[in-house]
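Descriptive analysis of the structure
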Amino acid sequence: MNAIEVRDLFKSYNSLTAVDGISFEVGYGELFGFLGPNGAGKTTTINILCTLLKPTSGEAYVAGSEVSREPDRIRKRIGLVFQETTLDNELTTFENLLFHAYLYGLERNTAVRRIDELLSIVGLRNKRRELVKHLSGGMKRRLEVIRGLLHGPGVLFLDEPTTGLDPQTRAGVWGFIKDMRKREGTTIFVTTHYMDEASDFDRIAIIDHGKIIAIGNPHKLINEMSKTTVTFVTGDDDTARQLLSYGMSRVDGGKYQIRIEEPGDFMKRMLNLSGLKIDEFAINQPELEDLYISLTGTEIRDERIEHPVRKRGHGS
């Protein structure tokens, strides 16, 4: 069995469906991400997997246990970092971690040793006695991640772990998360709406309106489902029209654009067109955001609150 297995999972609120019959698997040690806007069903799914919500129907297994039938076993085997901070600002860094260790039944000497080890790894050893309210946003996020790893869980859930952080701090937090993954061998399940983060995951599932619309390695998905865009400007319209068999479109005046799968083949075709004078030329390789837009028809939304997204009815 995989670290996570989900089969035909639904979650409805009265006539609204937040999660609409999704199925997927996450292997042990994998860095897996849910990519989509707030309101797509990401947080609802993660709350079901962490036993904070009960599904309407379907099955979900985490670390070998089913979420509806064995919630207590799952809670002992997972770590969770919420989207909003849950640290106690009036406690020190060490006290926040020690309290968490007590909740999971760690013996004090074991807990202290583990706390010191993790604080050293993330560069917070010198903040051991610092009140959390005096830490920066990036420090707090690192603290929350190691708190989730303190009891040695097999699966770590991160719900929008870098929301609200500046790009430099986000990069630092992710560098730390990936380093901890190598050290701990932990399976990591992430929800995010940041394209740059998701492009480095082992696999992603693009989810929108409660449905998974694509799943796989992000780079393979881009190569399989997106095309390179070539744009060029020429005053030689007659010769340029010989490329129309490739599906080229005239954008404006002498500016042409075409989406192709094989840039090399297109370039050979252009070079064989004697006398075609190119004034400007650009090749734009597709990125994850291009794939997302091609699948959903819209740019990713950045709403603040996730909500049920769709009415269920006949044929849903």
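Model, not experiment: these values are computed from the prediction. (Residues numbered from 1 in each chain as written. Predicted model: local features only at pLDDT ≥ 70, side-chain atom pairs only at ≥ 80, totals over all residues. Heavy atoms only, no water.)

Across its full length, the protein holds eleven helices and 15 strands. Residues counted as buried form 47% of the 316 residues belonging to the protein. If you take every contact in the protein between residues at least 6 apart in sequence, the share linking residues at least 24 apart comes to 70%. Summed over all atoms, the accessible surface of the protein reaches about 15300 Å², with 47% contributed by carbon and sulfur. (Helix = DSSP H or I, 4+ residues; strand = E, 2+ residues; numbered from the N terminus. Buried < 20%, exposed > 50% of the residue type's maximum accessible area, 1.4 Å probe, protein only. Contact = heavy atoms within 4.5 Å. Areas by Shrake-Rupley, 256 points an atom, 1.4 Å probe, with all protein chains shown as cover.)

This part covers the packing of helix 3 (residues 93-103) against helix 5 (residues 137-149). Packing of helix 3 against helix 5 leaves a shortest axis separation of 10 Å and a crossing angle of 25°. Relative to helix 5, the element helix 3 is oriented roughly parallel. Here helix 3 runs over helix 5; the crossing is right-handed. Listed contacts from helix 5 to Thr93, Asn96, Leu97 and His100 of helix 3 are Leu143, Ile146 and Arg147. For the contact of helix 3 with helix 5, the class distribution of residues is three nonpolar, three polar and one charged. (Axes fitted to C-alpha atoms, helices over the stretch in contact; angles between N-to-C directions. Parallel < 35°, antiparallel > 145°, perpendicular 65-115°, else oblique. Left-handed = near helix turned anticlockwise from the far one by under 90°. Nonpolar A, V, L, I, M, F, W, Y, C, P; charged D, E, K, R; others polar.)

Bringing the packing of aromatic side chains into the picture now. Within the structure shown, the criterion is met by eight aromatic pairs. Aromatic side chains Phe34 and Phe189 sit 5.2 Å apart centroid to centroid with 55° between the ring planes, which places their arrangement in the tilted category. Pair noted here: Phe34 is in strand 3 (residues 31-35) and Phe189 is in strand 8 (residues 187-192), with a separation of 155 residues, a long-range link. Per residue, the accessibility class of Phe34 equals that of Phe189, and both read buried. Seen from their ring centres, Phe157 and Phe189 are 5.5 Å apart, and the 50° between their planes marks the pair as tilted. Taken together, the positions of Phe157 in strand 7 (residues 155-159) and Phe189 in strand 8 put the pair 32 residues apart, joining distant regions of the chain. On the basis of relative accessibility, which here comes to 0%, the residue Phe189 falls in the buried class. A cation over an aromatic ring shows up here: Arg128 above the ring of Phe94, its NZ or CZ 4.1 Å from the ring centre. (Phe/Tyr/Trp six-rings, centres within 6.5 Å; stacked < 30°, edge-to-face > 60°. Lys NZ or Arg CZ within 6 Å of the ring centre and 35° of its normal.)

Once that is clear, we can look at the sheet that holds strand 8. Pairing within the open sheet is mixed, and its six strands lie in the order 6-7-8-3-9-10. Because the sheet does not close on itself, it has two edges, and the strands there are strand 6 (78-81) and strand 10 (211-216). This sheet shows a mean twist of 15° between the axes of neighbouring strands, independent of strand direction. As paired strands, strand 3 and strand 8 are joined by five bridges and run parallel to one another. Counted as the bridge partner of Gly33 is Val190 from strand 8. Strands strand 3, strand 9 (203-208) and strand 10 of the sheet are contacted by helix 11 (residues 288-296), whose axis makes an angle of about 35° with strand 9. (Pairing = 2+ DSSP bridges.)

With that settled, the discussion passes to helix 4 (residues 108-121). In this model helix 4 runs 20 Å from its N-terminal to its C-terminal C-alpha over 14 residues, within 8% of the 20 Å that 1.5 Å per residue would give. Of all the residues in helix 4, the buried ones are Ala111, Val112, Arg114, Ile115, Asp116, Leu118 and Leu119. On its buried side, helix 4 packs onto helix 3, helix 5 and helix 6 (167-184). Backbone nitrogen of Asn109 and a side-chain oxygen of the N-cap are separated by 3.1 Å at the start of helix 4; the cap is Glu107. Gly123 sits one or two residues past helix 4 and shows a positive phi near 75°. (Expected span 1.5 Å × (residues − 1). Polar contact = N/O pair within 3.5 Å; in protein donor to acceptor, adjacent residues only side chain to side chain.)

Nothing here speaks to function; it is geometry throughout.
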